[in-house]
Amino acid sequence: MEEGARSCLLLSRSSLEQDIRASYLMDHMISDGVLTGDEEDRIRSKLTRREQATALLELLLRKDNQAYISFYNALVRESYGDLASLLHNSLPLVSPEAEKSFSDGGTRYVQAVLSEGGVPQRPVVFVSRSALVNRVREKLYRLQKEPGWVTVFGMAGSGKSVLAAEAVRDHALITESFPGGVHWLSIGQLDRADLLVRIQSLCFRLEQQSQEKDPSSSLHRPPGSLEEAKERLRFLMLRRYPRSLLVLDDIWDSSVLKAFDIQCRVLLTTRDRSLADCVSGSEVAVESGLEEDQALEILALYVNGKPQRLPEQARSIVRECKGSPLVVSLIGALLREFPDRWAYYLHTLQQKKFKRIRKSSSYDYDALDQAMAASIQVLSEEHRELYIDLTVLEQDVKVPAKVLSVLWDLELEEVEDVLQDFVNKSLLFRDCHHRPYLYYLHDLQLDFLTEMNRSGLESLHTKVVRQYQQRYSQGPPTSGDEECLYWFRFLTYHMAKANLTQELYSLMFSLDWVRTKAQIMGPAHLINDYVEYGAILDKENSEVRGHFQEFLSLNGHQLEQRPFPDVVQLALSQPESSEVYRQALLQAQERATRGGLYLDWVNKSSLKSLSRLVVQPHQGSIYSACFSHDGTKIASCGSSKTLRVFKSTSGEKLLEIQAHDDDVLCCAFSPDDHLLATCSSDRKVKVWSGTLPSAIQILDRLQTDLPDNLTSTDGSRLSVSNLFCVLWNINKPSSQNTMFGHLEPVNHCCFSPDDAYLSTSSSDGTLKLWEVSSANEWKSIDVADVFPEQREQTEVIVKCSTWSADGRTIICAARNAVFVFDIETEAMLLEIRTSRLSTVQYCHACPSSKLVAIALSHYAVELWDIETSKKMADCSGHLSWVHGVQFSPDGSLLLSWSDDQTVRAWETNKVHTSSAVCLKRDSDVLFNNGDITVVAADNRNRLQVRNGRTGAVMFQSEDQESRIRCTAICTQTSAVGLGREDGTIQVLEVPSGASLATLQGHTRTVLHCQFTPEGHTLITSSEDTTIRVWRWRTGECVVLEGHKEQVRCFSLLTTSPSSETHLLSWSFDGTIKVWDMSSGERLQDLVCHQGAVLACDVSPDGQLFATTSADKTAKVWSRASWQCVRLLNGHQDCVRSCRFSWDGRRLATGDDNGEIRLWNVKDGTLLKICSRDNKDAMDSLHGGWVTDLHFSPDNTVLLSTGGYIKWWNVEKGEALQTFYPTGANLKRIHVSPDFSTFVTIDNIGILYILKKVE
């Protein structure tokens, strides 16, 4: 750093330390490339704000001009204008010439010192690696006061020598730390005689330079032995050149270091990490190679061009060079002579033909293969054989020593010793951040090994598989440690590479393998295996491969839950033709003989899978997701504050970034998929590398907390919505245009297909179109005018807009409607009105058809054809608000994301059409001698009667005029009853559909209806607070009046010895009432609870009844005294359900937090709490409210419903089994008398008839 800038920082230091927040500034400095992630972590580790500020300034003082300039700009951006003004007058020159002069050392003095010391000049083509250079300089500064060693180590071709030379090319370092000069000595692989010659040469040079400065000194004869040479060098370094630096380049052997143990300051470079242990001092590892832009700059310099004008093969060449300075330089030198060979050298690199990458240079080896081979040849023969085995490793994969212990059949301690030798010689790298250590090869080392052993690769992979099978003959490892994870991740890879197809089939077509791997690694890796090895598996049986892949794709989000679900039970929901189901049924039957409980979904054949892939990438709501433009990746973000990128085929995570300090509201890929943009409630927009977790651009803070953004088609611009619309050029740190005109916040913006126009949707009720080039308003459409009757009452918010593929129409969403406008005439072409109970959250037009997808707040996604004005599909499956939808670039897939924490991918051509019928949850079921009859309303408001064995429709009524809210089956006649929202009750004959009775009387919604056992009487309860007892054939009615709020349910009471039937009713008014059904007389009126009574159950002997309430209590009442005999406290939420055991000894209660309690009826003591210690991944213990409870006839098993269905061991309070429906929020479950069959309907209308596996 220039002295003026350094002095200014020192003078302003106290003011800066007092005011700045380092965390705000470091984001910008990282984006500018002057601060590394490690440096940021070290600063953030400081406990206080002031300590962080001090650490940042100390680091800044050791950096260059660019760091000073970046720090100044960060102060300006973060509104520290007064502090920035302190630094302004000392800003260094930023011209290329000034930068180059500074980086060269800045003075002729430095050039003279380095020249006299024999330090190599910069390569003809040079690009600075400032982060590494600064690390070396930092270590060298520590030698200022006393002698010591600094070791720079790295693999062949990593640029150690150039790095060391660049580190000492610094004026301040030389004048402050090494005024005696810098003396360079290249060593290499030498015997003692050659080493003596090198030291003699160095001594002669030092004496000669000394004589030039002091003519009275004389030259000595050359030392005759290494011992004499060592003493001569000690004398020269300590007496003639005190405080000088000796650079020993390319040391191979620790014995060489003995000759230089002379108590001076030494910088050495080596491939052998162990040499650092032989000397006292610090070390710098050169593990990372060149960044992509640095490598491109080198190639551009070689061919006298500019990086942005290089041919398309340049980036691919850089990627194949794996960041190696040596390889990039070799390729660059070749291209200088043969500038038309870009494609040829790319092909050469891809084919790993390293011997052809050959060019004479100052480096010791002309070709990469020579450099690699030289490193391996220094190994012993035994270790060389072991090193060759590493050819089987996957690129960028780190392995623990235990894996290699299995491969080599050696004790773990022996393996660690061998690996240490490899690490010391820079033939292997060690990740010290893990315990135990993990080891990995550099890409170039692995490529070299692969090329060297190409003919033996299959046998090497076979060895891996056989050694694994021998070690784990009794079953796979299940420890969950790094070794276990390796085998589950890569065993299939080794089998495929070894061409062991039968072993691969047996493994991957096994439900046991699926269960174990999913439990240890999650489902994404499994799905990826079926995709990656699909071609091999299809040769055996493509149908079976499809069965397993579909099972995992649709149940992956369940396999992410903890506690881990029973995979056999999940698999029993697969179609009966599936191999997954066949294996699951066999295992379930075998386990049932040992007391296991499994349920077969017997009517599943009537359903087809809805989604192609279900992923749960975040904990919390998902606010945005998008396809990459090549369709292979999906990005998502949400309330977890993270950005996640995963494969669109399997859900396998590719990248996860802690992106912002608040909710991440939107994400978008650039057209080339190299960049990702995010915006957040923290009022920042960030542009990310698509492969690395680093922000490369941070745009200034916005004016509101709710921005939204999308990239333009060409990727050069980014639009951001807040109070107005801002257009950014993502290559510059400032906005390009601001578009004013909306009066309320802008909710969404979208570029036209040709990028010429931008549409903005606002809370002011308008949709505006803008010219991008000029930022002028082009057209304005007042969407609020479409809602004239509501405009005055509530505001009309335009949520979003989307352009048709041809750019001629624009589609927007507001309230519960979607509108299509002709852009030329601004006329409305189509209006799509959805359910009045829902709002449209988002819409997106298909790029390849006339379809538009609509995301709705009532958990659904709808597909409409805007040409025919018809709804084409209902995509049901989400369990909460759907925030958005997006088609893939080719229109074949549809993406949706929701508050339920899932992202779903649907195949556009295969989703359920609108003809698909779903049922409502208010149902009744009749179990009769093995037959099952189900009656329920469907989504078209028709009454359906279905065969419970097959799911076939036995009867279907006409559409009803008013919504059906409850149903009942008459057991004595072929009749069903239904209650409607308008208060009407109908009784229909089955299967003719003839109307047997229409009963009018209720003035509001009928909530519950039930036939008496003899079938002559129908009882109904309503929101109008009354209960009516109908002689339904004659229409006679007894009205039971007395409740003050709605009556949701009732129960029949049989009295002894008269056998008269009384009615027990409960209401939201907190009371229980007992009625004489014949006369309508109110027999009892009990004020039971402070809150609404939510459930009631009568004991099997009829002597007791229990009530539960919103006041979080349950009570047990005596029918003899009509007094409360037990008050049950303990629930932390509304108590929603209750049930007596058949022996009357226990009472089960369930609450809205998913907790179930078992009580002793005799004394009111708590016996068990179910599921307290096993909270599921959802908000509730049961995935929702506990809505229904049933005991088995032998009182040993308790059944409960909520978000899913559970069976419990009553004695232990432990879960025996869980059934996960496709939907959620189950209201009620019907149970057969023998407790073997269970019937329910979920919130998306799917009927489940479950039968115990025998």
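Numbering of residues begins from 1 in every chain and follows the order in which that chain's sequence is written. In view of the model being predicted, local features appear only for residues whose pLDDT reaches at least 70, and side-chain atom pairs are presented and counted only at 80 or more, with totals across whole chains, interfaces and linings using the full set of residues. For side-chain calculations, the full set of non-hydrogen atoms in the structure is used, while hydrogens and water are omitted.

**Q** So what about the overall build of the chain? Which residues, and what values?
**A** In terms of regular secondary structure, the chain is built from 33 helices and 68 strands. Looking at the 1254 residues of the chain, the share that counts as buried comes to 57%. Note on contacts: a residue pair qualifies if any of its non-hydrogen atoms lie within 4.5 Å across the two residues. Of the contacts formed within the chain by residues at least 6 apart in sequence, a portion of 53% connects residues at least 24 apart. Where accessible areas are quoted, they stem from the Shrake-Rupley method and a 1.4 Å probe; at the residue level, only the protein chains shown are allowed to cover. For the chain, the computed accessible surface area is about 52,800 Å², with 46% contributed by carbon and sulfur atoms. Numbering of helices and strands starts at the N terminus; helices are DSSP runs of H or I of at least 4 residues and strands are runs of E of at least 2. Each residue is assigned to one of three classes by its accessible area relative to the maximum for its type, calculated with a 1.4 Å probe on protein chains only: buried under 20%, partly exposed between the two thresholds, exposed over 50%.

**Q** Give a description of the packing of helix H16 (residues 292-302) against helix H17 (residues 313-320) that names residues and reports values.
**A** Only the contacting stretch of a helix is used when fitting its axis, a line to C-alpha atoms as for every element, and angles between N-to-C directions run 0 to 180 degrees. Following both chains from N to C, one finds H16 and H17 inclined at 115°, their axes separated by 10 Å at the closest point. Between H16 and H17 lies a crossing of right-handed hand. For the pair formed by H16 and H17, the contact residues are Glu292, Ala295, Leu296 and Leu299 on the first element and Ala314, Arg315, Ile317, Val318 and Arg319 on the second. All amino acids are sorted into three groups, where Ala, Val, Leu, Ile, Met, Phe, Trp, Tyr, Cys and Pro are nonpolar, Asp, Glu, Lys and Arg are charged, and the leftover types, Gly among them, are polar. Across the contact of H16 with H17, the residue classes break down as six nonpolar, no polar and three charged. Two helices crossing with the near one rotated counterclockwise from the far one by less than a right angle form a left-handed crossing, whereas a clockwise rotation gives a right-handed crossing.

**Q** Just give me the short version of the pairing of strand E23 (residues 746-751), but keep the residues and values in it.
**A** Here is the key point about a regular strand: its side chains alternate between the two faces of the sheet. With five of six residues buried, E23 is to be regarded as a mostly interior element. Here E23 pairs with strand E24 (residues 757-762) via five bridges, running antiparallel. The partner of Val746 across the bridge, within E24, is Ser762. Note on pairing: DSSP must find at least two bridges between two strands before they are called paired. Hairpin geometry of E23 and E24 is characterised by an intervening segment of five residues between the two adjacent antiparallel strands and by a positive phi of about 65° at Asp755.

**Q** Describe the pattern of salt bridges, naming the residues involved and giving the relevant values.
**A** Here, a salt bridge means any side-chain nitrogen of Lys or Arg that lies within 4 Å of a carboxyl oxygen of Asp or Glu. In the structure shown here, the tally under the stated rule is 48 salt bridges. In this structure, Glu777 and Lys768 form a salt bridge, with 3.5 Å as the shortest nitrogen-oxygen distance. When its relative accessible area of 40% is taken as the criterion, Glu777 is described as partly exposed. Take Lys768: its relative accessible area is 8%, and that puts it in the buried class. Of the charged contacts in the structure, one is a salt bridge between Arg1139 and Asp1188, with a shortest N-O distance of 3.2 Å. Of this pair, Arg1139 sits in strand E58 (residues 1135-1140) while Asp1188 sits in strand E62 (residues 1188-1191), and the two are 49 residues apart along the sequence. Residue class for Arg1139 comes out partly exposed when judged on its relative accessible area of 23%. A single salt-bridge network, built from bridges that share partners, covers Arg13, Glu17, Arg50 and Glu58.

**Q** Could you give me a rundown of the nonpolar core, with the residues and numbers involved?
**A** Leu390, Trp408 and Phe422 are the most contacted members of the largest nonpolar core, which totals 116 residues. By residue number, the principal contributor to this core is helix H26 (residues 482-497), which donates nine residues. The source of the domain bounds is an automatic or database domain assignment. When residues of this core are assigned to domains, at least three fall in each of domain 3 (292-370) and domain 4 (621-740). Phe422 has contacts with Leu379, His383, Leu386, Tyr387, Leu390, Trp408, Leu427 and Leu428, leaving out every residue within four places of it along the chain. For this analysis, a nonpolar core means a set of buried residues of the types Ala, Val, Leu, Ile, Met, Phe, Trp, Tyr and Cys, connected via side-chain atoms within 4.5 Å.

**Q** Provide a residue-level description of helix H18 (residues 325-337), including the pertinent values.
**A** Taking 1.5 Å as the rise per residue, H18 with 13 residues should run 18 Å; its terminal C-alpha atoms sit 19 Å apart, in good agreement. In terms of residue burial, H18 counts as a mostly covered element, since 10 of its 13 residues are buried. Here the expected length of a helix is defined as 1.5 Å per residue gap, with one fewer gap than residues.

**Q** Describe the sheet that holds strand E27 (residues 798-803), and please don't skip the residues or the numbers.
**A** Two strands in a sheet stick together by hydrogen bonds in their backbones, pointing the same way (parallel) or opposite ways (antiparallel). Strand order in the open sheet formed by four strands is E27-E28-E29-E30, with antiparallel pairing between adjacent strands. On the outer flanks of this sheet lie E27 and strand E30 (828-833), each paired with one strand and no other. When the angles between neighbouring strand axes are averaged without regard to direction, this sheet yields 20°. The pairing of strand E29 (residues 817-822) with E30 spans five bridges and is classified as antiparallel. When the bridges of E30 are listed, Val818 appears paired with Ile832.

**Q** Kindly report on the sheet that holds strand E37 (residues 903-907), identifying the contributing residues and their values.
**A** The four strands are arranged E10-E37-E36-E35 in an open sheet whose pairing can be described as antiparallel. Edge positions in the sheet fall to strand E10 (613-615) and strand E35 (882-887), since each of these pairs with one other strand and no more. Ignoring strand direction, the axes of neighbouring strands in this sheet form an average angle of 15°. The pairing of strand E36 (residues 893-898) with E37 spans five bridges and is antiparallel.

**Q** Kindly report on helix H11 (residues 160-167), identifying the contributing residues and their values.
**A** Along H11, six of the eight residues are buried, which leaves the element largely enclosed by surrounding structure. Every buried residue belonging to H11 is among Lys160, Leu163, Ala164, Ala165, Glu166 and Ala167, and all of these are buried.

**Q** Quick one: what's the story with the pairing of strand E13 (residues 642-647), residue by residue and with numbers?
**A** Burial within E13 is extensive, with five of its six residues counted as buried. Across five bridges, strand E12 (residues 633-638) lies against E13 in antiparallel orientation. Each bridged residue has a counterpart across the sheet, and for Cys637 the counterpart in E13 is Leu643. The loop that links E12 with its antiparallel partner E13 comprises three residues; one of these, Lys641, has a positive phi angle of about 70°. Examined bridge by bridge, E13 and strand E14 (residues 653-658) share five bridges and lie antiparallel to one another. When the sheet's bridge partners are listed, Val645 is paired in E14 with Leu655.

**Q** Go over the confidence of the model for the chain, please, and point to the residues and values.
**A** Of the residues in the chain, 89% reach a pLDDT of 70 or more, and the chain-wide mean stands at 85. What pLDDT reports is the predictor's confidence in each residue, on a scale of 0 through 100. The spread of mean pLDDT over the elements of the chain runs between helix H8 (residues 96-103), the lowest at 37, and E62, the highest at 97. Throughout residues 359-366 the model reports pLDDT below 50, and contacts reaching past four residues in sequence, or to other chains, amount to 22 contacts. Throughout residues 1174-1179 the model reports pLDDT below 50, and contacts reaching past four residues in sequence, or to other chains, amount to 17 contacts.

**Q** Would you mind going over the side chain of Thr151 in detail, with residue names and values included?
**A** On the secondary structure map, Thr151 appears in strand E1 (residues 148-153). The residues contacting Thr151, other than those within four sequence positions of it, are Leu268, Thr270, Ala276, Val279, Ser282, Glu283 and Val284.

**Q** Any chance you could break down the packing of aromatic side chains for me, citing the residues and the numbers?
**A** Aromatic contacts are taken between Phe, Tyr and Trp rings whose centres are within 6.5 Å, Trp giving its six-membered ring; a plane angle under 30 degrees counts as stacked, one over 60 as edge-to-face, and the others as tilted. This structure, assessed with the given rule, holds 25 aromatic pairs. On the numbers, 5.5 Å between centres and 80° between planes, the contact of Tyr486 with Trp487 is edge-to-face. On the basis of relative accessibility, which here comes to 5%, the residue Tyr486 falls in the buried class. Aromatic side chains Trp601 and Phe1219 sit 6.2 Å apart centroid to centroid with 85° between the ring planes, which places their arrangement in the edge-to-face category. Taken together, the positions of Trp601 in strand E9 (residues 599-601) and Phe1219 in strand E65 (residues 1214-1219) put the pair 618 residues apart, joining distant regions of the chain. By the burial criterion, Trp601 is buried, and Phe1219 matches it. Here the aromatic cluster, defined as three or more aromatic residues joined through ring pairs, consists of Tyr468, Tyr472, Tyr486, Trp487, Phe490 and Tyr493. We call a charge positioned over a ring when the NZ of a Lys or the CZ of an Arg lies within 6 Å of the ring centre and within 35 degrees of the ring normal. Positioned above the aromatic ring of Tyr437 is the side chain of Arg430, whose terminal nitrogen or guanidinium carbon lies 4.8 Å from the ring centre.

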